[in-house]
Amino acid sequence: MKNSQLYILCFGTTLTSIKNEYLKCKTLSDFEELAKKSMMPHRFYYYDYKAGQGHTYQACRHYFDKQLRIMPRVLIDVSEISLKTTIFGLIYESPILIATSACHCLAQVDGEVATARAATETQCIFTYNWTFSNMPEEYVLQTLADKKGYRAIVITCDQPHERIRDFVLPLFEEASKNIDPELMKNMSIPNLNIPGIIVKQHFGTGSVTWANIEWIRKLTQLSIICKGILSPIHAELAIKYGANGIIVSNHDGRLIDTAPPAIECLEDVVNAVDGRAEVFVDTGIRSRTDVLKTLALGARAVLIGRPILYGLACGGQDSVRRVLDILKRELVYDMACCGLTSIDQINKDILYKH
């Protein structure tokens with residue numbers, strides 16, 4: 001997948017990780033803690049950044065942990081469990097996707113290439129940030145399992161300003177003078193420098209509207225996914241202007257504080273869409289039970305963002321693969337506890353009702 005618009009300036013180069021320490025990580029929180037130890041503070045801050053006081057992110061975690069509880073089911077044959085699912089009519093090995101994100105090279109020198117290789121090894125979908133990637137498109141395509149091309153376009157709809165860049169760029173400029181001289185060296189965004197590129201002409205900060213979605217719809221037969229939808233009204237508009245999919249997301253709490261958790265908005269969006277588009281979700285997903293709960297509320301699949309970047313910082317491609325393997329393996333365990341043998345069996349019946 002490729003992302004047509006993401007307003008974050010991309011920086012990057014390598015960081016020295018704590019060799020093989022990632023093998024001790026058992027949870028996604030372990031990867032985050034190890035990344036914090038192994039990354040330079042200004043680089044980790046870019047990944048960890050949360051708007052305001054971080055209430056949006058914390059509300060998301062509270063909703064997952066306190067509002068949604070799983071009701072196990074017993075004495076059901078779960079000797080064979082499959083994670084296979086369908087997305088836009090095609091069969092994939094897992095409902096766990098790698099979310100669109102910028103600046104992979106802040107974590108590890110191979111950046112998006114290492115992430116894409118890990119995705120290929122674990123048979124997970126990788127959403128490539130085409131606009132603000134350090135890696136040229138053709139270089140990343142060499143690492144993907146399917147070299148025929150992209151299957152969908154993800155359009156970031158919820159970032160009308162450059163707030164994150166404005167907060168982080170001064171820190172980067174200062175750090176590059178003394179403690180991190182390699183930081184600014186790889187700031188190029190090669191895909192935007194392609195002669196005749198049309199993205200610059202149609203997307204600018206604060207100027208993206210539904211008309212842009214309609215314009216893209218006329219240009220391609222690929223599925224279009226609108227990322228950053230929380231409101232059922234906006235879900236309706238996305239479908240009206242040509243979207244085939246919707247990612248319920250609040251940008252992992254990075255844009256506006258005190259916004260509602262994406263997971264809390266998910267069911268309303270699913271009900272409003274009513275099968276006319278496929279619904280995905282990201283933001284705050286940090287465990288296998290989080291994945292199970294989002295699927296139970298109607299998501300077609302989930303997207304994992306920051307944990308992938310933390311994994312990349314801990315040990316490159318191998319560590320990203322471990323993050324994904326842990327999520328997949330633990331999801332199988334949790335499905336077994338709920339008496340589920342396939343993804344299409346997951347529904348609200350597994351959630352505890354007061």
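The name an unreviewed UniProt entry assigns to the protein is FMN hydroxy acid dehydrogenase domain-containing protein, from the organism Rotaria sordida.

Novice: Honestly, the pattern of salt bridges in this entry has me stumped. Any pointers?
Specialist: Proximity of charged atoms lets side chains of opposite charge pair with each other. Under the criterion given, the structure shown has 17 salt bridges. Close ionic contact of Lys24 with Glu21 constitutes a salt bridge, the shortest N to O distance being 3.2 Å. Assessed through its relative accessible area of 28%, Glu21 is described here as partly exposed. Ionic pairing is found between Glu330 and Arg288, a salt bridge with its closest N-O pair at 2.2 Å. With a gap of 42 residues between them, Glu330 in helix 12 (residues 306–337) and Arg288 in helix 11 (residues 288–296) connect regions that are remote in the sequence. Residue classification places Glu330 among the buried positions, given a relative accessible area of 14%. A single network of salt bridges, built from pairs that share partners, joins Arg288, Arg329, Glu330 and Asp334.

Novice: Where do I start with the UniProt feature "binding site: FMN" (unreviewed entry) in the protein in this structure?
Specialist: The UniProt record annotates "binding site: FMN" (unreviewed entry) at Thr156, Lys227, Ser249, Asp282, Thr283, Gly284, Ile285, Arg286, Gly305 and Arg306. Looking at where Lys227 falls in the secondary structure, it is placed in strand 6 (residues 223–229). Judged by its relative accessible area of 5%, Lys227 falls in the buried class. Look past the residues within four positions of Lys227 in its chain and what remains in contact with it is Val154, Ile155, Thr156, Cys157, Asp158, Ile247, Ser249, His251 and Asp282. Assignment of secondary structure puts Arg306 in helix 12.

Novice: Looking at this structure, how should I read unusual backbone geometry?
Specialist: The general pattern is negative phi for most residues beyond glycine and trans for most peptide bonds. Unusually for a residue other than glycine, Leu75 sits at a positive phi of about 55 degrees. One can find Leu75 in the loop between helix 3 (55–67) and strand 2 (85–87). Unlike most non-glycine residues, Thr258 shows phi in positive territory, near 70 degrees. Relative to the elements of secondary structure, Thr258 occurs in the loop between strand 7 (245–248) and helix 10 (262–273).

Novice: Looking at this model, I keep getting lost on the environment of Val269. Mind explaining?
Specialist: As for its position among the elements, Val269 is in helix 10. For Val269, a relative accessible area of 0% translates into the label buried. Through-space distance from the C-alpha of Val269 to that of Ile247 is 9.7 Å; in sequence the pair is 22 residues apart. Setting aside residues up to four positions removed in sequence, Val269 forms contacts with Leu230, Ser231, Pro232, Ala235, Ile246, Val248 and Val279.

Novice: What's the story with the packing of helix 1 (residues 28–38) against helix 12 in this structure? I'm lost.
Specialist: Think of two packed helices as two axes; the pair is described by the angle between the axes and how far apart they sit. Where helix 1 contacts helix 12, the two axes come as close as 10 Å, and the packing angle between them is 170 degrees. By the criterion of interaxial angle, the relationship of helix 1 to helix 12 is roughly antiparallel. Only Pro307, Tyr310, Gly311, Ala313, Cys314, Ser319, Arg322, Val323, Ile326 and Leu327 of helix 12 make contact with helix 1, whose side of the interface consists of Leu28, Phe31, Glu32, Leu34, Ala35 and Ser38. Tallied by class, residues from the contact of helix 1 with helix 12 come to eleven nonpolar, three polar and two charged.

Novice: Explain the confidence of the model for the protein to me, please; I cannot follow it from the model alone.
Specialist: Detailed conclusions should not be drawn from predicted coordinates in areas where pLDDT is low. On average, residues of the protein score 86 in pLDDT, and 86% of them are at 70 or above. Residue range residues 1–17 is modelled with pLDDT below 50. Its contacts to residues more than four positions away, or to other chains, number 108 contacts.

Novice: Would you mind going over helix 6 (residues 163–177) with me for this structure?
Specialist: Think of an α-helix as turning once every 3.6 residues; residues three or four places apart then point the same way. When the local axis directions of helix 6 are compared, the greatest deviation, roughly 30 degrees, occurs at Leu169, which is followed within four positions by the proline Pro170. Among the residues of helix 6, Ile164, Val168, Leu169, Phe172, Ala175 and Ser176 are the ones counted as buried.

Novice: Is there a simple way to think about the packing of helix 2 (residues 41–48) against helix 12 in this case?
Specialist: Where helix 2 meets helix 12, the closest approach of the two axes is 10 Å, and the angle between their N-to-C directions is 160 degrees. For the element pair helix 2 / helix 12, the angle class is roughly antiparallel. In terms of crossing hand, the pair formed by helix 2 and helix 12 is right-handed. Across the interface between the two elements, Phe44, Tyr47 and Asp48 of helix 2 pack against Arg306, Leu309 and Tyr310 of helix 12.

Cut-offs applied
Residues numbered from 1 in each chain as written. Predicted model: local features only at pLDDT ≥ 70, side-chain atom pairs only at ≥ 80, totals over all residues. Heavy atoms only, no water. Salt bridge = Lys/Arg side-chain N within 4 Å of Asp/Glu carboxyl O. Buried < 20%, exposed > 50% of the residue type's maximum accessible area, 1.4 Å probe, protein only. Helix = DSSP H or I, 4+ residues; strand = E, 2+ residues; numbered from the N terminus. UniProt positions renumbered as here; feature names shortened; annotations may be inferred. Contact = heavy atoms within 4.5 Å. Axes fitted to C-alpha atoms, helices over the stretch in contact; angles between N-to-C directions. Parallel < 35°, antiparallel > 145°, perpendicular 65-115°, else oblique. Nonpolar A, V, L, I, M, F, W, Y, C, P; charged D, E, K, R; others polar. pLDDT = per-residue confidence, 0-100. Bend = angle between axes of the 7 residues up to and from the residue. Left-handed = near helix turned anticlockwise from the far one by under 90°.

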